[in-house]
Amino acid sequence: MAFRIHILIDGKPAGTHELRKGDKLVLGRESTNDIVVLDRSVSRRHCTLEHVDNGIDVTDLDSANGIYYEGEPKKRIVLRDGDQVSLGMARIRVSNSSTHTGMIPIEGLSDALSSDSSGSFTGGGSDEDSAFDSSSGFLTGPNVPYLFRDLDRRPPTGSVSESSISERSEYREFEKERLLLLVELGKSLGQSLDVEVLLNRILDHLFQILPVRRAVIALTDDGTNFSARVTRPAGDSENMSEVASQGVLKQVVASREGRIIEDASLDQMLRSNMSVVVSNIRAAVCAPIIVNDRCLGAIYADFPGRPRLYTQNDLDFLTAFASIAGVSLENARMTEQIRKNDRVKRDLEIAAEIQQGILPNEAFEIPGLEIDWAYKPTLNVGGDFYDVIELAPGRVALIIGDVSGKSVPAALFMSRTISILRATVSDERTPGEVLTRTNQLLGSIATERVIFATAMVCVIDLTTRTLCWSSAGHNPGLLRDPDNGDVRQLGSHDVPLGVIEDVDYATNEVGIVPGSYLTLYTDGLVECRNSAGEELGIERVNGIVSENLGEGVGVATKAMIRAIEDHHRGSTYLQDDVAILNVRVL
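Please read these numbers as outputs of a predicted model, since none were measured by experiment.

Enquirer: Hey, could you run me through the pairing of strand β5 (residues 47–52) in this one?
Expert: For a regular strand, side-chain orientation follows a simple rule: the groups alternate between the two sheet faces. In this structure, strand β3 (residues 24–28) lies alongside β5, joined through four bridges in antiparallel fashion. Looking across to β5, one finds that valine 26 is bridged to threonine 48. Across six bridges, β5 lies against strand β6 (residues 55–60) in antiparallel orientation. By the bridge assignment, histidine 51 is partnered in β6 with isoleucine 56. What sits between β5 and β6 in their antiparallel hairpin is a turn of two residues.

Listed below in structure tokens is the structure:
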């Protein structure tokens, strides 16, 4: 197994190096070293890095500032995946660099998890793309969302005027962007099954969505005693009394309601906290992490020098983010428990059999249409779903969707979603009405977990030669015109199912002719990443269809699966579930 060494100076990436078995390198400031770190706090020959059987052996070469691991000086230490040490103002972090192929047969969840499961964040870039800037307290880099640049916007107040109406309109758009960002954050957090990696990722995203200088995730078992599982800046003390107010945390956890501190210097609970006084902390915000009616702890953040920084909308946004983070954290905890329990392997195999019984597993034979499909979960059970339902002679409904998260929770929510969709779809309802009713039913029963599903419903009418569709935040369908080869993307910006209960989904319509070719898919197809982080993309999918127009639709479906395998081979990025529906009008 190879390991990757990440060099960070003042929290910013300064290079990566790969060590393979038998490698031994010298790190220091001198240009003759194997790894050169140009920072005055690093000695000319600071330490050696040697690949050993179980990690990277770091040995101090009598450097001036030494080697520190979790605040403790070390003359020698073996670092494993995720570990990091400080060398003066520089840090080195170790990660696995092993590779694996994409479409591998699944022997069971326990087997899959025995390999490297830390993955890479496919939604927000790598450590080299965005990094924590200790001087500003924010994430920097090209992958910081556009939304972050506008976080000082606040809802306009006062009398109504043209300018205030315009400001309110802009603010509504801003809140819509925040909502869509929550969806993306949910996908990102669902990628990690390692608790420690997930906790750090949660704080990475927190610095992207709110103006924050310091932050801590405080977890508790009894609501009284808290542990600072991860803090930012990373060098901050893990002693709770030096990071956040125990009183505020207890109040938030006990009430299960978030709290805004407008001015910490005037707050009775906070002004006695020496860390708050020394750091000139003024504004603070705290939200509970609630999962399945249990409060796991809270996310606390503050900012120096600016009182009354956070608004109620900020708190609502943080509370929703904390709920999504809590679900991902609970899933990660469950996964760790699964690793320790071999008996779960058989339970998951049974669950996979049940899920396969829920999804159709036969050829769809509809007069006037040629249909083929493929489905591949990355674990024993997955969150993608699909179906083809004949509503009446010449009228066919196509359903495809994707549930956030992975494994059992995603599979359970998928089962519930597809069951409601099947019960709701009918010849009397438009696709938009089907999604609207499904979302209402999901909203009334999906209050315990913040899990959502993207979905698309299409109805093909061979009599009127029309295709009607509606999308709940799903990837756009691809409709190819047989006359000129143009491909139209059938999509919308409506929110996924289970996010907001009161949503009216629109129905769209387009004409079709013999030879019209429709491809429906989940994001695991187009967002599959190679070792360079490049996605397969919609253009490649369109190209596969074009290359196989003279063949049956099944040939194109198989070509898409092969494209995923080839594209992902050698990549360390996590691979998502994939569902594909290819339909041609005869």
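Once you've had a look at it, read on.
Enquirer: Mind showing me how you'd approach the nonpolar core here?
Expert: By size, the foremost hydrophobic cluster in this structure holds 55 residues, and its most contacted members are Leu369, Phe385, Leu398 and Leu467. Ranked by residues supplied to this core, first place goes to strand β22 (residues 453–461) with seven residues. The residues touching leucine 369, leaving out its near neighbours within four places in the chain, are Val396, Ile460, Leu462, Val583, Arg584, Val585 and Leu586. Grouped together as the second largest cluster of nonpolar side chains are 38 residues, Leu203, Ile217, Ala283 and Leu329 included.

Enquirer: What exactly am I supposed to notice about the sheet that holds strand β28 (residues 578–585) here?
Expert: Note: strands within a sheet are paired through backbone hydrogen bonds, in either parallel or antiparallel orientation. One open sheet holds the five strands; their spatial order is β19-β28-β27-β24-β25, and the pairing between them is antiparallel. Edge positions in the sheet fall to β19 (369–376) and β25 (487–490), since each of these pairs with one other strand and no more. Here the average twist between neighbouring strands, direction ignored, is 15°. In the sheet, β19 pairs with β28 via eight bridges, with the strands oriented antiparallel. Along β28, the bridge assignment pairs tyrosine 375 with alanine 579. Sitting on the sheet, helix α13 (residues 553–568) touches β19, β27 (517–521) and β28, and the angle it makes with β28 is about 155°.

Enquirer: I tried to follow the packing of helix α12 (residues 538–547) against α13 on my own but got confused; where do I start?
Expert: Two quantities define a packed helix pair, namely the angle between the axes and the distance from one axis to the other. Taken N-terminus to C-terminus, the directions of α12 and α13 make an angle of 140°; their axes are 9 Å apart at the nearest point. By the angle class used here, α12 and α13 are oblique. Along this stretch, α12 crosses α13, giving a crossing that reads as right-handed. Residues Val541, Ile544 and Val545 of α12 lie in contact with α13, whose contacting residues are Ala556, Ala559, Met560 and Ala563. Counted by class, the contact of α12 with α13 contains seven nonpolar, no polar and no charged residues.

Enquirer: It is not clear to me how the environment of glycine 305 should be interpreted in this structure. Could you clarify?
Expert: Its place among the elements puts glycine 305 in the loop between β18 (294–304) and α7 (312–339). You can call glycine 305 partly exposed: its relative accessible area is 38%.

Enquirer: Where do I start with the packing of aromatic side chains in this structure?
Expert: Within a pair of aromatic rings, the relevant descriptors are the distance that separates the centres and the angle that separates the planes. All told, the structure shown has three aromatic pairs when counted by the stated rule. Relative to tyrosine 386, the ring of tryptophan 373 has its centre 5.0 Å away and its plane inclined at 25°; by these criteria the two rings are stacked. Highlighted residues: tryptophan 373 in strand β19 and tyrosine 386 in strand β20 (residues 384–392), separated in sequence by 13 residues. For tyrosine 386, a relative accessible area of 2% translates into the label buried. An aromatic cluster is present here, built from Phe364, Trp373, Tyr375 and Tyr386 joined pairwise through their rings.

Enquirer: Honestly, the sheet that holds strand β14 (residues 214–220) in this entry has me stumped. Any pointers?
Expert: Here five strands make up an open sheet; going across it, the order is β15-β14-β18-β17-β16 and the pairing antiparallel. Where the open sheet ends on each side, the last strands, each with one partner, are β15 (226–232) and β16 (259–261). Geometrically, the sheet is characterised by an average inter-axis angle of 20° between neighbouring strands, direction not taken into account. Relative to β18, β14 runs antiparallel, the two being bridged by six bridges. Looking across to β18, one finds that isoleucine 217 is bridged to isoleucine 299. Against the sheet, helix α3 (residues 195–209) engages β14, β15 and β18, with an angle of about 60° to β15. Contacts from helix α5 (residues 246–255) reach β14, β15, β16, β17 (281–291) and β18, with the element oriented near 135° to β18.

Enquirer: It is not clear to me how the pattern of salt bridges should be interpreted in this structure. Could you clarify?
Expert: Evaluation of the coordinates by the stated rule reveals 16 salt bridges. The salt bridge partner of arginine 256 is aspartate 293, with a shortest N-O separation of 3.1 Å. Residue arginine 256 is found in the loop between α5 and β16, and its partner aspartate 293 is found in the loop between β17 and β18; the two are separated by 37 residues along the sequence. For arginine 256, a relative accessible area of 34% translates into the label partly exposed. According to the relative accessible area criterion, aspartate 293 is exposed, its value standing at 54%. Linking arginine 540 and glutamate 547 is a salt bridge whose minimum nitrogen-to-oxygen distance equals 3.2 Å. We classify arginine 540 as partly exposed; its relative accessible area is 36%. Glutamate 547 gets classed as exposed once you look at its relative accessible area, which sits at 55%.

Conventions and cut-offs
- Residues numbered from 1 in each chain as written.
- Predicted model: local features only at pLDDT ≥ 70, side-chain atom pairs only at ≥ 80, totals over all residues.
- Heavy atoms only, no water.
- Pairing = 2+ DSSP bridges.
- Helix = DSSP H or I, 4+ residues; strand = E, 2+ residues; numbered from the N terminus.
- Core = buried A, V, L, I, M, F, W, Y, C linked by side-chain atoms within 4.5 Å.
- Buried < 20%, exposed > 50% of the residue type's maximum accessible area, 1.4 Å probe, protein only.
- Contact = heavy atoms within 4.5 Å.
- Axes fitted to C-alpha atoms, helices over the stretch in contact; angles between N-to-C directions.
- Parallel < 35°, antiparallel > 145°, perpendicular 65-115°, else oblique.
- Left-handed = near helix turned anticlockwise from the far one by under 90°.
- Nonpolar A, V, L, I, M, F, W, Y, C, P; charged D, E, K, R; others polar.
- Phe/Tyr/Trp six-rings, centres within 6.5 Å; stacked < 30°, edge-to-face > 60°.
- Salt bridge = Lys/Arg side-chain N within 4 Å of Asp/Glu carboxyl O.

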